[in-house]
Amino acid sequence: MITIIESYLLKPGYAPQALSVLQELDNLLGPNAHANSGHAGHARFLQDASDPAQVRLVYEWRDRESFAELLRSEEALLPDFLAKYCAGPRVVQVHDELAVEVEHDDDEPAEM
């Protein structure tokens, strides 16, 4: 399993409309992603609190091979969206999860 972070820089004026812009992006790319064998759940859509023009999608994907296939299949879908709403290209990062032990004795709920 890999985690994907897609970043988009919205053009000036579109940050206040980020919800509707990202809904349009989901409507554009979602059906294609769901049809891919690597689909592993829905994306989370995030807007940077200090720079609202920065928006991100975060989602898990089953493997690199099917993700590469997804990216190829999206190439024809994105140009009009990017030209209309974005100040630059989509930036895609692929992350491998590290098996860091996060359980600690202090994870117990505090007594009231």
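In case you missed it, the structure is sitting above this.
Residues numbered from 1 in each chain as written. Predicted model: local features only at pLDDT ≥ 70, side-chain atom pairs only at ≥ 80, totals over all residues. Heavy atoms only, no water.

Caption draft 1: Focus on the nonpolar core. Counting 21 residues, the largest nonpolar core has Tyr8, Leu25, Tyr59, Trp61, Phe67, Phe81 and Cys86 as its most contacted members. Mapped by element, the contributors of at least two residues to this core are strand 1 (2-9), helix 1 (18-35), strand 3 (54-61), helix 2 (64-74) and helix 3 (79-85). Excluding residues that lie within four positions of it along the chain, tyrosine 8 makes contacts with Leu25, Leu29, Ala53, Gln54, Val55, Leu57, Phe81, Leu82, Cys86 and Arg90. (Core = buried A, V, L, I, M, F, W, Y, C linked by side-chain atoms within 4.5 Å. Buried < 20%, exposed > 50% of the residue type's maximum accessible area, 1.4 Å probe, protein only. Helix = DSSP H or I, 4+ residues; strand = E, 2+ residues; numbered from the N terminus. Contact = heavy atoms within 4.5 Å.)

Caption draft 2: Focus on the pairing of strand 1. Burial within strand 1 is extensive, with six of its eight residues counted as buried. Taken together, the eight bridges between strand 1 and strand 3 define a ladder with antiparallel strand orientation. Each bridged residue has a counterpart across the sheet, and for threonine 3 the counterpart in strand 3 is glutamate 60. As paired elements, strand 1 and strand 4 (residues 91-96) share six bridges and run antiparallel to each other. Across the sheet, residue isoleucine 2 finds its bridge partner in strand 4, namely aspartate 96. (Pairing = 2+ DSSP bridges.)

Caption draft 3: How the structure looks around the sheet that holds strand 4. Strand order in the open sheet formed by four strands is 2-3-1-4, with antiparallel pairing between adjacent strands. The two strands at the open ends of the sheet, each matched to only one other strand, are strand 2 (44-47) and strand 4. Strand after strand, the sheet turns through a mean of 20 degrees between neighbouring axes, direction not considered. (Axes fitted to C-alpha atoms, helices over the stretch in contact; angles between N-to-C directions.)

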